[in-house]
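# Fold and geometry: a report
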Amino acid sequence: MDLDELIHKCKKGNRQAQAELYRRYSGILFGMCLKYSRNKTEAEDNLHDSFMTIFEKVDQFRFKGSFEGWIKRITVNTVLQKYRNNQHLNLISENHEDEIEVETEDSDISLSTLLGYIQELPDKYRLTFNLYVMDGFSHKEISEMLGTSTGTSKSNLARAKAILRDRIEKAKINIA
């Protein structure tokens, strides 16, 4: 079944079409949820919530632009809304203009270890880091998504990078 037909069936509430849509996109969306979550269990909950939102709003998709892009945006917004509603962010309003670069070129750290470090960041830092570094959002966009100022977004990014750099440096010391 082609994607357009699948979407039309989902708009009519067809459970088999919804199951097929889930099979096609759950892997991609789970990866996104994992990026924004503290652990696998939380990512699974976020994936579930995202698909619930996708199925509720699929009738709003107008076949303009990429469907995958549309569901990815819903997933990010669903996860961020969940954090806002649960007040996990506890955002600060400090402004640190100096950004610290995290470089792993000279490090023996694996990608899975680095992703583990990112998942361990406090929510406000992890979300800002992922939105900026991994997904390419601007500080202005991030501040709108998280309901903060651009200065707070910059500060949270700088702090996330500093924490990651510290963790990477400690890992290098333990390796040596």
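Here, the structure is the one placed above.
Residues numbered from 1 in each chain as written. Predicted model: local features only at pLDDT ≥ 70, side-chain atom pairs only at ≥ 80, totals over all residues. Heavy atoms only, no water.

The subject of this paragraph is unusual backbone geometry. In the Ramachandran plot, Phe63 falls in the positive-phi region, its phi being about 60° despite a non-glycine side chain. Relative to the elements of secondary structure, Phe63 occurs in the loop between α3 (40-57) and α4 (67-85). Accessibility expressed as a relative area gives 32% for Phe63, which makes it partly exposed. (Helix = DSSP H or I, 4+ residues; strand = E, 2+ residues; numbered from the N terminus. Buried < 20%, exposed > 50% of the residue type's maximum accessible area, 1.4 Å probe, protein only.)

Here we come to the pattern of salt bridges. Using the criterion set out here, one finds 12 salt bridges in the structure. Its salt-bridge partner being Lys82, residue Asp49 comes within 3.3 Å of it at the nearest N-O pair. Separated by 33 residues along the polypeptide, Asp49 in helix α3 and Lys82 in helix α4 bring together distant segments of the chain. Overall, Lys82 belongs to the partly exposed group, its relative accessible area being 24%. Between Glu144 and Lys140 there is a salt bridge, with its nearest N and O atoms 3.8 Å apart. Highlighted residues: Glu144 and Lys140, both in helix α7 (residues 139-146), separated by 4 residues, approximately one helical turn. For Glu144, a relative accessible area of 57% puts it in the exposed group. Three or more residues are tied together by salt bridges with common partners; here these are Arg38, Glu42, Asp123 and Arg126. (Salt bridge = Lys/Arg side-chain N within 4 Å of Asp/Glu carboxyl O.)

Turning our eyes to something else, we now look at the packing of helix α2 (residues 15-36) against α3. Interaxial distance between α2 and α3 falls to 9 Å at its minimum, and their mutual angle equals 135°. With respect to α3, the axis of α2 lies oblique. Considering how the two elements wind past one another, α2 and α3 form a crossing that is right-handed. Judged by residue contacts, Gln18, Leu21, Tyr22, Tyr25, Ser26, Leu29, Phe30, Cys33, Leu34 and Tyr36 of α2 engage Lys40, Glu42, Ala43, Glu44, Asn46, Leu47, Ser50, Phe51, Ile54 and Phe55 from α3. Along the lines of polarity and charge, the residues of the contact of α2 with α3 split into 13 nonpolar, 4 polar and 3 charged. (Axes fitted to C-alpha atoms, helices over the stretch in contact; angles between N-to-C directions. Parallel < 35°, antiparallel > 145°, perpendicular 65-115°, else oblique. Left-handed = near helix turned anticlockwise from the far one by under 90°. Contact = heavy atoms within 4.5 Å. Nonpolar A, V, L, I, M, F, W, Y, C, P; charged D, E, K, R; others polar.)

Bringing the packing of helix α1 (residues 3-11) against α2 into the picture now. Remark: α1 packs on α2, axes separated minimally by 8 Å, with the N-to-C direction vectors making an angle of 130°. In terms of their interaxial angle, α1 and α2 are classed as oblique. Between α1 and α2 the crossing geometry is left-handed. Counted together, Leu3, Leu6, Lys9 and Cys10 of α1 and Ala17, Gln18, Glu20, Leu21, Arg24 and Tyr25 of α2 form the full contact between these two elements. Broken down by class, the residue content of the contact of α1 with α2 amounts to 6 nonpolar, 1 polar and 3 charged.

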